Amino acid sequence: MSGIRPTGFLHLGNYFGAVRNYVKLQSQFTCYFMVADLHSLTTHPDTRELKGHVHRVLAENIACGLDPEKVALFCQSHVPETTELYLYLNMLAYKGELEKTTTFKDKVRQQPENINAGLLTYPVLQAADILLHRASLVPVGKDQEQHLEMARTFANRFNHRYGEVFPEPQAFNFGEELVKVPSLDGTGKMSKSENQLATIYLADDDDLIRKKVMKAKTDAGPTAPNTPRPDYIVNIFQLMQLVGTAENLKFFEDAYDECRIRYGDMKKQLAEDMVHFITPIRQRAESIRTDHAYLKKVMDIGAEKARASARETMRLAREVMGLDYY
Ligand code: TRP
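Residues numbered from 1 in each chain as written. Predicted model: local features only at pLDDT ≥ 70, side-chain atom pairs only at ≥ 80, totals over all residues. Heavy atoms only, no water.

Participant: Would you explain the overall build of the protein in this entry?
Facilitator: Each helix and strand counted, the protein has 14 helices and 5 strands in total. Within the protein, buried positions represent 46% of all 326 residues. For the protein, contacts bridging at least 24 residues in sequence account for 77% of all contacts bridging at least 6. For the protein, the exposed area adds up to about 16,400 Å²; of that, 51% sits on carbon and sulfur atoms. For the protein, the centre of its 41 positive side-chain charges and the centre of its 43 negative side-chain charges are spaced 2 Å apart. (Helix = DSSP H or I, 4+ residues; strand = E, 2+ residues; numbered from the N terminus. Buried < 20%, exposed > 50% of the residue type's maximum accessible area, 1.4 Å probe, protein only. Contact = heavy atoms within 4.5 Å. Areas by Shrake-Rupley, 256 points an atom, 1.4 Å probe, with all protein chains shown as cover. Lys, Arg positive; Asp, Glu negative; His and termini not counted. Charge placed at Lys NZ, Arg CZ, Asp CG, Glu CD.)

Below, the structure written as structure tokens:
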């Protein structure tokens, strides 16, 4: 089980860091992938753009290979059982521990004018998402580790107080280091909030991709054979490794080690590799995004699968809680 924030516009970092893993997981496990639209209300109370964002994030994930027939791909708000479990778990979550959450403290700083209770209990809602399907594996990045730890705490508290219903959810990746996709300006990784020109989006058109890649930071090149590569050059090689061919990569690695590399040529190659990689995804995503009848079908089928699982969990939860009065 994992949740995807409907902020729209996936970038290459999201693709290699998350979506590619979902696609791999879908043929090995029973998967629940959820668009976290209710979570977005904690920071974005204005919902005018929500529908467009939800459509885009669904379309982009499907275009990347997520198969709505294999997985349950659904919207959080289409599964009302979520809010019921959220309420029960809220009684087991303490103000003190919620206030200590890193993401809460960050938000308090970022939006001091709207420190709402939903923001405080964000980790409780996330725990409800996960526990609702009694999920044991949660593919998420490092930034979600604390939330997952809290989900385990709430699961254990519930189990001890009322009876064993929930397994302990664990963060999951494929044993490898999570792939970090470096940004094009040589600082950190691709991200939504940082330099837009240094991040490649799945919706970027060919010219914009070329423009961004050609602006990537380089230097005059090595002057002695086998010089260690500076970070920003390592990044360009790493990007080529992700989207290009082994043959081209080897060609430029040899050229670097022999001090005859021409970064202009390398970036031209990387730009074409990137275009080749992104274009089919962008085109698929665009036709899915504008096919509202298809998206409705996807959401309906997804909600049905998620609710079937949720109903069974809530039946068990109410039973051990003693909320069955008949
Ligand atoms: N909080 C997660 C994020 O910011 C999104 C999310 C919501 C989530 N519900 C979840 C992730 C359940 C994993 C499981 O990315």
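Participant: In this structure, what is going on with the pairing of strand S3 (residues 72-75)? I would like to understand it.
Facilitator: If a strand is regular, its side chains alternate between the two faces of the sheet. Neither face of S3 is open: one carries Ala72 and Phe74, the other Leu73 and Cys75, and all of them are buried. Relative to S3, strand S2 (residues 32-35) is paired through 4 bridges, and the arrangement is parallel. Bridge pairing in S3 places Tyr32 opposite Ala72. (Pairing = 2+ DSSP bridges.)

Participant: Got a minute to help me understand the site of the ligand in this structure?
Facilitator: Residues in contact with the ligand amount to 14 residues; listed here are only the nearest, Arg5, Tyr122, Gln126, Asp129 and Gln144. With respect to the ligand, the side chain of Arg5 contributes an N or O atom lying 3.0 Å from an oxygen atom. In the model, a nitrogen atom of the ligand is placed 3.0 Å from a nitrogen or oxygen of the Gln144 side chain. In the complex, the protein chains occlude 94% of the 370 Å² of accessible area that the ligand would expose alone. Listed by contribution, the elements that provide at least two residues to the shell around the ligand are strand S1 (2-4) and helix H8 (122-131). Among the elements that line the shell around the ligand, the one with the most residues is H8, at 4 residues. Across the shell around the ligand, the residue classes tally to 7 nonpolar, 5 polar and 2 charged. (Near = heavy atom within 4 Å. Polar contact = N/O pair within 3.5 Å; in protein donor to acceptor, adjacent residues only side chain to side chain. Nonpolar A, V, L, I, M, F, W, Y, C, P; charged D, E, K, R; others polar.)

Participant: Would you mind going over the environment of Phe174 with me for this structure?
Facilitator: As for its placement among the helices and strands, Phe174 is situated in the loop between strand S5 (170-171) and helix H10 (206-214). As for Phe174 and Lys24, which are separated by 150 residues in sequence, their C-alpha atoms are 9.2 Å apart. For Phe174, the residues in contact, after removing those within four places along its chain, are Asn21, Lys24, Leu25 and Gln28.

Participant: Teacher, can you tell me more about helix H9 (residues 145-162) here?
Facilitator: Turn by turn, an α-helix covers 3.6 residues, leaving residues three or four places apart pointing in a common direction. Its 18 residues give H9 an end-to-end C-alpha distance of 26 Å, which sits within 8% of 26 Å, the value for a rise of 1.5 Å per residue. Inspection of H9 places His147, Leu148, Met150, Ala151, Arg152, Phe154, Ala155, Phe158 and Asn159 among the buried residues, and these make up the whole buried set. Phi turns positive one or two residues past the end of H9, at Gly163, with a value near 140 degrees. (Expected span 1.5 Å × (residues − 1).)

Participant: Sorry, what's going on with the domain arrangement of the protein here?
Facilitator: Here the domain parsing of the protein yields domain 1 (2-178 + 291-321) and domain 2 (204-285). The centre of domain 1, based on its C-alpha atoms, is set 36 Å off from the matching centre of domain 2. Tallying the contact residues gives 7 residues for domain 1 and 9 residues for domain 2. The contact between domain 1 and domain 2 buries some 630 Å² in all, and 84% of this surface belongs to carbon and sulfur atoms. Counting across the domain 1 and domain 2 interface gives 0 salt bridges. Where domain 1 touches domain 2, the interface holds 1 residue pair in polar contact (both at pLDDT 80 or more). For the side of domain 1 that touches domain 2, the secondary structure elements donating two or more residues are helix H1 (12-25) and helix H3 (50-63). Residues belonging to the side of domain 1 that touches domain 2 are distributed by class as follows: 6 nonpolar, no polar and 1 charged. (Domains from an automatic or database assignment. Buried area = accessible area lost by both parts, 1.4 Å probe. Salt bridge = Lys/Arg side-chain N within 4 Å of Asp/Glu carboxyl O.)

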